Amino acid sequence: MQKRLANWGNYPAVASDEHAFTREDELRNYVVTNTHMIARGNGRCYGDASLGKHSISMLKYDKMLSFDTAAGVMDVQAGVTLDQILDIIVPQGWFLPVTPGTKYITVGGAVASDVHGKNHHVDGAFSGHIIDMDVLTASGETVCCSATRHEDLFWATCGGMGLTGVITRVKFGLKKISTAYIRQTQLKAKNLEEVIRLFDEYKHYTYSMAWIDCLQKGDSFGRSILIVGEHATPEELNAKQKAAPLTLPAKRKLTVPFNLPSFVLNTFTVKAFNWLYYGKNYKKVMHKVIPYEPFFYPLDAILHWNRGYGKAGFVQYQFVVSLEQKDGLIAILRKISEKGWGSFLAVLKVFGKQDSLISFPMEGYTLALDFPIRKGLFEFLDELDEIVLQYGGRLYLSKDARMKQEIFWNSYPNAGRFAEIVKQYNHDARFESLQSERLLLTK
Amino acid sequence: MPTLLILGAGSDMAVAIARKFASEKYDIQLAGRNTAALVPQQQDLQVRYNVNATTHLFDATDFGSHSGFYAGLPAVPDMTICVFGYLGSQEKAQENWEEAATIINSNYTGAVSILNVVAESYAARKQGTIIGISSVAGERGRQSNYMYGSAKAGFTAYLSGLRNRLFRSGVHVMSVQPGFVNTRMTSHLPLPPLLTAQPETVATAIFKAVKRKKNVLYVKWHWRYIMLIIKLIPEGIFKKLSL
């Protein structure tokens, strides 16, 4: 049936024919008899990578196949979402090895985007924790691949945006925890120089990221709050938390029931940030022990927060430049700040080393922020792209809905090799998304 | 732990029902035509809810196999839910007896055949619960789907008679009229969102209703009144409508 599909940014919205399945043979029949199809998980990416003429919904392919509670290994069908996994593993003393800023994504989506988290500088991206996985390719064959088996397929699938085929099963390792809490430290930084210095000073922390105020100029340019954390030990908990260290207190969820005018979200975040920054009791360095949910998923507490940007939707802009190209980060942030079109807050993070085929992360600084759709926005973002390219950086495909093809081909050093492997497993370009058409990856 | 037998365990609605009851610490017996396809679901119930789940070969239209199937279960289930059904194609069934027979056998004859066996067992034990998933389509025959509707009408009447008979034996029978449900069976139909339930909603409603020993469950309350109005239309007018 034709449906209107859009991902988290509500841009672009397309008419697509959605097909769901629960058995592998149903999927195989569909794949060998259709073209112009692309797998889609929970629709939480920001761009058009999972949008196409025919959409293969993975959400009903959601069975957990095994959980080795001794070794910490999970084997699941790819449509299982991270929140469902957390509900099972946390009470048994395990955690996701890598998690992005929302838990409402599928495991297949985590692989296709090769997601990173606040621990990238320590634990790398999701791909580094995969033991093996199954990919159903265009010929209808299911290929089991890993870093040592059908390596070409494996590395083109991690971060490959679904173009090698449908990821159907993923087996991955978990991280041992002794509590469901995080020992968090918040540090105020008066400008960009200081936050970069603090990132380095606190790099031994497993988790780190910073909120940057994009509107400050002069001496306070890049004013920010660095947040670092470690999984708390039982000794660090208070008496109430100690009683059930692996269980979180139940809490209610808020929701944004309809689209709000686009200034609402910015007004809210400005207030929240200023409250944290200038709050009376807010010291330069603050320590506290908090449940893992608000630490990793602050926005998940507000369902449909994307509606806060209004009906026209938004795009998220995320780039990375190497550590040596700090000037690039400064130049881009300055341009964004002067224009004033972006969200008030941006997320800054320092990536560790990663050397994979087509995944986004590489050692360096990554900055992400939202831009509500408006006239002239794409021209402005094209200008930013040029600067990113000039400093040897690149953009995150999971957040991309508008990049020009030459930017992609010039910024991803392995684009050619990736396209070759895609051709091999995805003959006749059966798997194709709006993004792959735009970037000429499936032509 | 109590045990639930799910007849027709592979459907989207059955997956949701199995998860709901497993989350309430029921052991689950999954019965269906394709047992290999039920294995991931069995594993899923064990991993998520740490309950005992088993798979069993069951073909609703192979009537002769039903008593053997039931006798071969590893434990007598405390509760049996009949979920299988087949929407079929009304137009095809009008011309093609095979399609018509499949609709009738999947929705009515097969259900009667297996539930007769279960009912005798429960009546003798003087305990047990039987749940049948019927359909609002069975409340009045309409030109657009009277093959499916008449088979479900038969099933609804069967469940109501069975409830009446087994009441004195202490066996509870619940009929469920889900209305539209968002599943693979209906994925090609444009369904009105307000009247369409998610499989998880149906599962939770069934669990709550059976705990309260409800007799007839309409998952979305609107349906009781929609069907009441449809049933009240005089036949002379009804036959001229294109419903």
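**Student:** Break down the overall build of chain B for me, with residues and values.
**Tutor:** From N to C terminus, chain B includes nine helices and nine strands. In terms of overall dimensions, chain B is globule-like: its C-alpha atoms have a radius of gyration of 18 Å, near the 18 Å expected for 243 residues. Across the 243 residues of chain B, 42% fall into the buried class. Within chain B, contacts between residues separated by at least 24 positions form 65% of all contacts whose residues are at least 6 apart in sequence.

**Student:** Please set out the overall build of chain A residue by residue, giving values where relevant.
**Tutor:** Across its full length, chain A carries 14 helices and 21 strands. By its C-alpha atoms, chain A is 65 × 55 × 45 Å across when sized along the principal axes. Looking at chain A as a whole, 48% of its 443 residues are labelled buried.

**Student:** Account for the nonpolar core, naming residues and giving values.
**Tutor:** Note that soluble globular proteins tend to have their nonpolar side chains buried in a common cluster. Counting residues in each nonpolar core, the largest one holds 126 residues, and the members touching the most others are V111, I167, V170, A210, L226 and L367 of chain A. Each residue touching L226 of chain A, except ones within four places of it in the same chain, is listed here: L187, A189, V195, L198, F199, Y202, S208 and A210 of chain A. Judged by nonpolar contacts, the second largest core, of 62 residues, contains L7, M13, A60 and Y108 of chain B.

**Student:** I'd love a proper account of the sheet that holds strand β4 (residues 54-57) of chain A, names of residues and values included.
**Tutor:** Residue and element names in this part refer to chain A. Taken in spatial order, the four strands make up an open sheet running β1-β2-β4-β3, and their pairing is mixed. In this open sheet, the two edge strands, each paired with only one partner strand, are β1 (2-6) and β3 (37-40). Pairwise comparison of adjacent strand axes, ignoring direction, gives a mean angle of 50° for this sheet. The pairing of β3 with β4 spans four bridges and is parallel. From the neighbouring strand, R40 faces β4, where its bridge partner is S57.

**Student:** Before we move on, could you go through the packing of helix α5 (residues 97-125) of chain B against helix α6 (residues 146-166) of chain B and cite the residues and values that matter?
**Tutor:** All names here are of chain B. The contact between α5 and α6 brings their axes to 8 Å, and the two run at 10°. Classified by the angle between their axes, α5 and α6 sit roughly parallel to one another. Across the interface between the two elements, A100, I103, I104, N107, Y108, A111, V112, L115, A119, Y122 and A123 of α5 pack against M147, Y148, A151, K152, G154, F155, Y158, L162 and L166 of α6. Its residues placed into classes, the contact of α5 with α6 shows 17 nonpolar, two polar and one charged.

**Student:** So what's going on with the packing of helix α1 (residues 12-23) of chain B against helix α2 (residues 35-49) of chain B? Which residues, and what values?
**Tutor:** All names here are of chain B. The interhelical angle for the contact between α1 and α2, taken along N-to-C directions, is 30°, at an axis separation of 10 Å. In this view, α1 runs roughly parallel relative to α2, as classed from their interaxial angle. Considering only the axes of α1 and α2, their crossing is right-handed. For the pair α1 and α2, the contacting residues are V15, A18, A22 and S23 in the first and Q41, L45 and Y49 in the second. Considered class by class, the residues forming the contact of α1 with α2 number five nonpolar, two polar and no charged.

**Student:** Just give me the short version of the sheet that holds strand β8 (residues 130-136) of chain A, but keep the residues and values in it.
**Tutor:** The sheet built from five strands is open, its strands ordered β5-β6-β10-β8-β9 (chain A) with antiparallel pairing. Pairing within the sheet leaves two strands with one partner each, and these edge strands are β5 (64-68) and β9 (142-145) of chain A. On average, each strand axis in the sheet is inclined to that of its neighbour by 10°, with strand direction left out of account. Note: β5 of chain A against strand β6 (residues 73-77) of chain A, four bridges, orientation antiparallel. Along β6 of chain A, the bridge assignment pairs D68 of chain A with V73 of chain A. Where α2 of chain B meets the sheet, its contacts fall on β5 and β6 of chain A, and the angle it forms with β5 of chain A comes to roughly 40°.

**Student:** Give a detailed account of helix α2 (residues 82-89) of chain A, specifying residues and quantitative values.
**Tutor:** In an α-helix there are 3.6 residues to a turn, and that puts residues three or four apart on one side. Residue and element names in this part refer to chain A. Every buried residue of α2 is listed here: L82, I85, L86 and I89. Looking straight down α2, one finds that the buried residues subtend no more than 100° of arc, so they occupy a single side. Next to the buried residues of α2 lie β6, β7 (94-95) and α3 (107-112).

**Student:** How would you summarise the interface of chain A and chain B if you had to cite specific residues and measurements?
**Tutor:** Chain A puts 11 residues into the contact, and the matching count from chain B is 12 residues. With four residues, β5 of chain A is the largest single contributor of residues to the side of chain A that touches chain B.

**Student:** So, unusual backbone geometry: which residues are in play, and what are the values?
**Tutor:** All names here are of chain A. Here the residue pair Y11 and P12 is connected by a cis peptide bond, since its omega of -10° sits within 30 degrees of zero. Mapping P12 onto the fold places it in the loop between β1 and β2 (13-20). The backbone of A429 sits at a positive phi, close to 50°, despite the residue not being glycine. Relative to the elements of secondary structure, A429 occurs in the loop between α13 (415-425) and α14 (434-438). Within the chain, L440 stands out as a residue other than glycine whose phi angle is a positive 60°. Here L440 lies in the segment after α14.

**Student:** Tell me about the confidence of the model for chain B, and please be specific about residues and values.
**Tutor:** Confidence in the prediction for chain B averages 94 pLDDT; 100% of positions are at 70 or higher. Across the whole predicted complex the pTM is 0.93, and at the interface the ipTM reaches 0.91.

**Student:** Break down α13 of chain A for me, with residues and values.
**Tutor:** Residues and elements named next belong to chain A. Those residues of α13 that fall on the buried side of the exposure criterion are F418, A419, I421, V422 and Y425. End-on view of α13: buried residues confined to an arc of 165°, all on one side of the axis. Pointing more than 90 degrees away from the buried face of α13 are the exposed residues G416 and E420. Looking at the packing, one finds that the buried side of α13 touches α5 (151-157).

**Student:** Describe in detail the pairing of strand β12 (residues 181-189) of chain A, supporting the description with residues and values.
**Tutor:** Residues and elements named next belong to chain A. The pairing of β12 with strand β16 (residues 285-291) spans seven bridges and is antiparallel. Looking at the pairing, Q186 lines up with M286 of β16. Relative to strand β14 (residues 224-231), β12 runs antiparallel, the two being bridged by eight bridges. Bridging from a neighbouring strand, L187 pairs with L226 of β14.

**Student:** Give me the environment of L159 of chain B: which residues, what numbers.
**Tutor:** Residues and elements named next belong to chain B. Summarising the element assignment, L159 is placed in helix α6. Look at L159 and you get buried, because 25 C-beta atoms sit within 10 Å. Separated by 47 residues in the primary sequence, L159 and V112 place their C-alpha atoms 9.0 Å from one another. Setting aside its immediate chain neighbours within four residues, L159 contacts G132, S134, V173 and S175.

Quick notes on the rules
Sequence order sets the numbering: in each chain, residues are counted from 1 along the sequence as written. Here every chain gets a letter starting at A, and every ligand a number starting at 1, in the order they are written. Given that the model is predicted, a residue must reach a pLDDT of at least 70 before its local features are reported, and side-chain atom pairs must reach 80 or more before they are shown or counted; all residues, however, enter totals for whole chains, interfaces and linings. In this description a helix means any DSSP run of H or I spanning at least four residues, a strand means any run of E spanning at least two, and both kinds are numbered starting from the N terminus. Values of the radius of gyration come from C-alpha atoms, whereas the globule rule sets the reference at 2.2 Å times the count of residues to the power 0.38. Residue burial here comes from a neighbour count, namely the number of other C-beta atoms, placed from the backbone, that lie within 10 Å of the residue's own C-beta, with 20 or more meaning buried, 12 or fewer meaning exposed, and in between meaning partly exposed. Throughout, a residue-residue contact means that the two C-beta atoms, derived from backbone geometry, are no farther apart than 7 Å. For this analysis, nonpolar core means a set of buried Ala, Val, Leu, Ile, Met, Phe, Trp, Tyr and Cys residues linked through C-beta atoms within 7 Å. In short, DSSP must find at least two bridges between two strands for them to pair. To obtain an axis, a line is fitted to C-alpha atoms, over the contacting stretch when the element is a helix, and the angle between two such axes runs from 0 to 180 degrees between their N-to-C directions. Here is the rule for angles: anything less than 35 degrees is roughly parallel, anything more than 145 is roughly antiparallel, 65 through 115 is roughly perpendicular, and the remaining ranges are oblique. Residue polarity follows a fixed list, in which Ala, Val, Leu, Ile, Met, Phe, Trp, Tyr, Cys and Pro are nonpolar, Asp, Glu, Lys and Arg are charged, and the others, Gly among them, are polar. What makes a crossing left-handed is the near helix being turned counterclockwise from the far one by less than a right angle; a clockwise turn instead makes it right-handed. Arc definition: it is the arc formed by the directions from the helix axis to the C-beta atoms. The pLDDT value expresses, per residue, how confident the predictor is, ranging between 0 and 100.

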